[in-house]
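# Working through the structure, step by step
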Amino acid sequence: MKIYNWIDSYFDTKEKRLKWVLWISALYLLWQLIWLDVFFYQLIRVNSYESLFTFMNSMKVYSQSVLIRIVFGLISGNHIDLVGLIVAIFNNVYVLDYIMIGICALAALSRKKGLRIYILSSMYFIFLCTILILGFASSSVFVLLSLLKVLSLVSFVLFVSCTVYLVYRIVCSIVNLYEKEYNI
C-alpha cells in the first residue's frame, strides 16, 4: 500500500498530471528532433548527384520521424499539391503519431507560449514547402543541390537549437521537481 500511495503522490493533483503530460510530450518531441538532427546533418554532406542517390537509398533509417515520412511520401507521390500533401499525411502518419501530436498540441496550448510555438512551426513548414516546390521546379541538379544545402543548413541549425533548448527545459524541470520533492 505504501508503494501505491507513493506512486499516487505523483498523480494526485491536476498540476502534477499536467507535468507528466508535458514530460511525455517533451520526450516525444525530443525523439523527433534527434531524428531530424541526424537527417539534416547527413543531408548537409550531400554535394553531388551520386551522393544524393546514396542518401536517398538510406532513407528507411529515418522513418522514425513524422516530418521526414510526410515529406518523402509527398515526394514519392504522383503530384505535389495540397491533395498530395493530404494523401502523404494520411498514408505516412501512424495512429500513435496522431495521439502524440494531439498530446503535444494540448500541452503547448496549455502554456502561454503555445501560440508562439505554433506560429514558428507554421513558418518552418511554409519554408520547407517553398524549398520543396522550388526544388521540384529547378532546371538542373546543381540548383536542386544548392536548395537542399540551404534547407539542410537552416533546418539543422533550427533543430539542433530546439533540441538543446528542449533538453535544457527537461533538465530544469527535473531539477525543479527534485528541489520540491526534497525541499532544497
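Residues numbered from 1 in each chain as written. Predicted model: local features only at pLDDT ≥ 70, side-chain atom pairs only at ≥ 80, totals over all residues. Heavy atoms only, no water.

## Things to note about the nonpolar core
Within the largest apolar cluster, 27 residues are counted, with the highest numbers of intra-cluster contacts made by Phe39 and Phe40. Only α2 (14-44), α3 (49-57), α4 (66-76), α7 (114-136) and α8 (141-182) provide two or more residues apiece to this core. Sorting elements by how many residues they give to this core places α2 first, with eight residues. Not counting residues within four places of it along the chain, the set of residues in contact with phenylalanine 39 comprises Phe55, Met59, Tyr62, Ile68 and Phe72. Counting nine residues, the second largest nonpolar core, distinct from the first, contains Tyr28, Ile70, Ala88 and Met100. (Core = buried A, V, L, I, M, F, W, Y, C linked by side-chain atoms within 4.5 Å. Buried < 20%, exposed > 50% of the residue type's maximum accessible area, 1.4 Å probe, protein only. Helix = DSSP H or I, 4+ residues; strand = E, 2+ residues; numbered from the N terminus. Contact = heavy atoms within 4.5 Å.)

## Structural notes on a nonpolar patch on the surface
Together, Tyr49, Phe53, Met56 and Val141 give the surface a local cluster of nonpolar side chains, amounting to about 350 Å² of exposed area. Looking at the nonpolar patch, the element that brings in the most residues is α3, giving three residues. Tracing the backbone shows valine 141 in helix α8. Here valine 141 falls in the partly exposed class, since its relative accessible area comes to 32%. (Patch = residues over 30% accessible without salt bridge, like charges linked within 9 Å, V, L, I, M, F, W, Y side chains within 5 Å. Areas by Shrake-Rupley, 256 points an atom, 1.4 Å probe, with all protein chains shown as cover. Salt bridge = Lys/Arg side-chain N within 4 Å of Asp/Glu carboxyl O.)

## Considerations on the side chain of threonine 163
Tracing the sequence through the fold places threonine 163 in helix α8. The class for threonine 163 is buried, based on a relative accessible area of 11%. Not counting residues up to four positions away in its chain, the partners in contact with threonine 163 are Leu30, Leu33 and Asp37.

## As for the packing of α2 against α4
Where α2 contacts α4, the two axes come as close as 8 Å, and the packing angle between them is 55°. Judged by the inter-axis angle, α2 sits oblique to α4. Contact residues: Tyr28, Gln32, Trp35, Leu36 and Phe39 in α2; Val66, Leu67, Ile68 and Phe72 in α4. (Axes fitted to C-alpha atoms, helices over the stretch in contact; angles between N-to-C directions. Parallel < 35°, antiparallel > 145°, perpendicular 65-115°, else oblique.)

## A few points about the environment of leucine 166
Counting through the fold element by element, leucine 166 comes out in helix α8. For leucine 166, a relative accessible area of 14% corresponds to the buried category. For the pair formed by leucine 166 and leucine 30, sequence separation is 136 residues and the distance between their alpha carbons is 6.9 Å. Other than its neighbours up to four places away in sequence, leucine 166 contacts Ala26, Leu29, Leu30 and Leu33.

## Concerning the pattern of salt bridges
Evaluation of the coordinates by the stated rule reveals one salt bridge. Among the salt bridges present, the one from aspartate 97 reaches arginine 69, with a minimum N-O distance of 2.2 Å. In this pair, aspartate 97 sits in helix α6 (residues 95-109) while arginine 69 sits in helix α4, placing the two residues 28 residues apart along the sequence. Take aspartate 97 and arginine 69: they sit in the same class, and that class is buried.

## Structural notes on the packing of aromatic side chains
The geometry of two aromatic rings is summed up by the distance between their centres and the angle between their planes. Inspection of the entire model under this criterion finds nine aromatic pairs. Taking the centre distance of 5.8 Å and the plane angle of 80° together, the rings of tryptophan 31 and tryptophan 35 count as edge-to-face. With a gap of four residues between them, tryptophan 31 and tryptophan 35 both fall in helix α2, about one helical turn apart. Seen in terms of ring centroids, phenylalanine 39 and phenylalanine 40 are 5.0 Å apart; in terms of plane orientation they differ by 75°. Their pairing is edge-to-face. Pair check on accessibility: phenylalanine 39 and phenylalanine 40 agree, each one buried. A connected cluster of aromatic rings, assembled from ring pairs, spans Trp31, Trp35, Phe39, Phe40, Phe55, Tyr62, Phe72 and Phe159. (Phe/Tyr/Trp six-rings, centres within 6.5 Å; stacked < 30°, edge-to-face > 60°.)

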